[in-house]
Amino acid sequence: MAADLFLTGKERSFRPDEIIVSKTDRTGKITYANDVFIAMSGYSEDELLGAPHSILRHPAMPRCVFRLLWDVIELGDEIFAYVLNRAKNGDEYWVFAHVTPNFGPDGAIVGYHSNRRVPKQSAVETVKPLYAQLLEIEKSNPDRKAGLEQSYAALKATVGQLGFSSYDQLIFAICR
């Protein structure tokens, strides 16, 4: 396994009263990281600033969730999602993320802001099998783009089959 994908299998956590905060530019490069973000990620502030937010991407996280996230925030809307992150040393940690666009004086999106809280363990246990299915769809197709499209379609279909009109509705139902 590549050094940048090393996984320890150990889970990190942060206190329920703490919030991980970051800001990015329009391309997802980190422009701000609070102390909780720095501590949880294991990276220094210098390593984080200017780096793509995907530096934290855990290989067990389906890409279709990030596609949905980008589709929503690029339209100027907010999104909530459960995300599994990977720290610099290979530890992992789950977050309940709220991502919103930041608008400039002319109303154009200039970047994005994300707050992450400690998720309920029951919500994480509910979302894990869905994410595993989506990841398997992505991996089963030798064409990465086609796998992403199939996984994205499966995510949208699952949301509808469960009786929800949006991913956010599903996420909020899970976190109750």
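Residues numbered from 1 in each chain as written. Predicted model: local features only at pLDDT ≥ 70, side-chain atom pairs only at ≥ 80, totals over all residues. Heavy atoms only, no water.

Colleague: Explain the environment of G50 to me, please; I cannot follow it from the model alone.
Modeller: Relative to the assigned elements, G50 resides in the loop between helix 2 (45-48) and helix 3 (63-74). Taking the relative accessible area as the measure of exposure, G50 reaches 42% and is therefore partly exposed. In this structure the C-alpha to C-alpha distance between G50 and T31, which are 19 residues apart in sequence, comes to 6.2 Å. Filtering out sequence-adjacent residues up to four positions away, G50 remains in contact with K29 and I30. (Helix = DSSP H or I, 4+ residues; strand = E, 2+ residues; numbered from the N terminus. Buried < 20%, exposed > 50% of the residue type's maximum accessible area, 1.4 Å probe, protein only. Contact = heavy atoms within 4.5 Å.)

Colleague: What's the story with the pattern of salt bridges in this structure? I'm lost.
Modeller: Taken as a whole and judged by the stated rule, the model has eight salt bridges. Between D17 and R15 there is a salt bridge, with the nearest N and O atoms lying 3.0 Å from each other. Where salt bridges share partners, they join R15, D17 and E18 into one cluster. (Salt bridge = Lys/Arg side-chain N within 4 Å of Asp/Glu carboxyl O.)

Colleague: Is there a simple way to explain the sheet that holds strand 5 (residues 109-117) in this structure?
Modeller: What links the strands of a sheet is backbone hydrogen bonding, and the strands pair in either a parallel or an antiparallel sense. With antiparallel pairing, the five strands of this open sheet are ordered in space as 2-1-5-4-3. Each of the sheet's edge strands pairs with one partner strand only, and the pair in question is strand 2 (30-33) and strand 3 (79-86). Put simply, the sheet's adjacent strands are angled 30° from each other on average, direction ignored. With three bridges joining them, strand 1 (residues 20-25) and strand 2 adopt antiparallel strand pairing. (Pairing = 2+ DSSP bridges. Axes fitted to C-alpha atoms, helices over the stretch in contact; angles between N-to-C directions.)

Colleague: Even after reading the chapter, I still don't get helix 5 (residues 144-161), so can you show me in this structure?
Modeller: It helps to recall that an α-helix has 3.6 residues per turn; residues three or four apart then point in one direction. The end-to-end C-alpha distance of helix 5, which contains 18 residues, comes to 25 Å, matching closely the 26 Å that a straight helix rising 1.5 Å per residue would cover. If you check which residues of helix 5 are buried, you get G147, L148, S151, Y152, A154, L155, T158 and V159. The buried side chains of helix 5 occupy one side of the element, clustering within an arc of 160° when seen end-on. Opposite the packed face of helix 5, turned more than 90 degrees from it, sit the exposed residues K145, K156 and Q161. In this structure, the buried side of helix 5 is in contact with helix 3, helix 4 (121-140) and helix 6 (167-174). Two to three positions downstream of the cap, the backbone nitrogen of K145 sits 3.0 Å from a side-chain oxygen, assigning the N-cap of helix 5 to D143. (Expected span 1.5 Å × (residues − 1). Arc of directions from axis to C-beta. Polar contact = N/O pair within 3.5 Å; in protein donor to acceptor, adjacent residues only side chain to side chain.)

Colleague: Got a minute to help me understand the nonpolar core in this structure?
Modeller: Nonpolar side chains tend toward joint burial in soluble globular proteins. The biggest cluster of nonpolar side chains holds 49 residues, and the ones touching the most others in it are I20, I79, Y82, Y131, L155 and Y167. With near-sequence residues (within four places) excluded, Y82 lies in contact with M61, W94, V95, F96, P119, A123, V127, Y131, Y167, I171, I174 and C175. (Core = buried A, V, L, I, M, F, W, Y, C linked by side-chain atoms within 4.5 Å.)

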